[in-house]
Amino acid sequence: MKKLFTLFSIVLSSVIYSQNIQTEFFVNENQIEESFKSDSRIEKLFTQNSKDSILVVTEIKNDSLFSIYVKNNGQKDIQLIPQDNKLTLIQEARTPDKKWKPIEFWVNSDCGMSYLKEINVKSGEIISLNSKKYKGNFKTKIRFKLLINGKVYYSNSINASINKSKFEKSI
């Protein structure tokens, strides 16, 4: 019985370990820019006339990063509770048959220490995040999917390149 328990523990540990390795590569590692100050150039990115309470716009920051701007378009302040200074955000890409498919996925921490800091976003205020820009030989469009208080918001789409293998490994 002890050998069976030991074997079960080893198999279970290896399954958990292999899942953790997989998620490390496909979890969005966005970072909130705490020192960010909006300017007129960024304000002009929000030209859409939308009644959504949250607006999301992305642009290429450099060869390895996207900038994502999140605007509180509502009349009231909103409280964001980031996980380890990250919002619940993933990248989606258009497949060869023009359907949106995630190339990253959400992971929630079970550690209470990950949620200690709240961010108050005033009405009309914009915050900024950075997110990894993948590279590859498949030209497509990328957009960001943001989850706040149970509601999903999408960014504009932007031209980018990824490896098609990102589709095969996405959930």
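Since this is a predicted model, take the numbers as computed values, not measurements.

Caption draft 1: Spatial organisation of the overall build of the protein. A tally of regular secondary structure across the protein gives three helices and 11 strands. Each helix (α) and strand (β) of the protein, taken in turn from the N terminus, gives the series α-β-α-β-β-β-β-β-β-β-β-β-β-α. Looking at the protein as a whole, 39% of its 171 residues qualify as buried. Looking at the protein alone, contacts between residues at least 24 apart form 72% of all its contacts between residues at least 6 apart.

Caption draft 2: Up close: unusual backbone geometry. A positive phi angle, close to 70 degrees, is found at K98, a residue other than glycine. Mapped onto the fold, K98 is located in the loop between β5 (88–94) and β6 (100–102). According to the relative accessible area criterion, K98 is exposed, its value standing at 56%. In this model, N149 sits at a positive phi of 50 degrees, which is unusual for a non-glycine residue. Note that N149 resides in the loop between β9 (138–148) and β10 (151–154).

Caption draft 3: View of the confidence of the model for the protein. Overall, the predicted model of the protein reaches an average pLDDT of 79, with 73% of residues at or above 70. Considering each helix and strand of the protein separately, the mean pLDDT is smallest for helix α1 (residues 2–26), with a value of 44, and largest for strand β11 (residues 158–162), with 95. Confidence drops under a pLDDT of 50 for residues 4–25, and excluding neighbours within four residues, the segment shows four contacts in the predicted structure.

Caption draft 4: Broad picture of the sheet that holds strand β8 (residues 126–132). The strand order across the open sheet built from four strands is β1-β8-β3-β2, with neighbouring strands paired in antiparallel fashion. Here the strands that pair on one side only, and so sit at the sheet edges, are β1 (31–32) and β2 (54–60). When strand β3 (residues 65–72) meets β8, the two strands line up antiparallel, connected through seven bridges. Across the sheet, K71 pairs through a bridge with I126, a residue of β8.

Caption draft 5: Molecular detail of the environment of K122. By secondary structure assignment, the location of K122 is in the loop between β7 (119–121) and β8. Ignoring anything within four residues of it in the chain, the contact list for K122 reads N72 and D77.

Caption draft 6: The arrangement of the packing of aromatic side chains in detail. Tallied over the entire structure, the rule returns three aromatic pairs. When the centroid spacing of 5.7 Å and the interplanar angle of 35 degrees are considered together, the rings of F36 and Y69 count as tilted. Note that F36 is positioned in the loop between β1 and α2 (40–45) and Y69 in strand β3, a separation of 33 residues in sequence. Neither F36 nor Y69 differs from the other in exposure class; each is buried. Ring geometry for F66 and F144: centres 5.4 Å apart, planes at 80 degrees, overall edge-to-face. Highlighted residues: F66 in strand β3 and F144 in strand β9, separated in sequence by 78 residues. Residue placement shows K166 over the ring face of Y134; its charged tip is 3.8 Å from the ring centre.

About the criteria used
- Residues numbered from 1 in each chain as written.
- Predicted model: local features only at pLDDT ≥ 70, side-chain atom pairs only at ≥ 80, totals over all residues.
- Heavy atoms only, no water.
- Helix = DSSP H or I, 4+ residues; strand = E, 2+ residues; numbered from the N terminus.
- Buried < 20%, exposed > 50% of the residue type's maximum accessible area, 1.4 Å probe, protein only.
- Contact = heavy atoms within 4.5 Å.
- pLDDT = per-residue confidence, 0-100.
- Pairing = 2+ DSSP bridges.
- Phe/Tyr/Trp six-rings, centres within 6.5 Å; stacked < 30°, edge-to-face > 60°.
- Lys NZ or Arg CZ within 6 Å of the ring centre and 35° of its normal.

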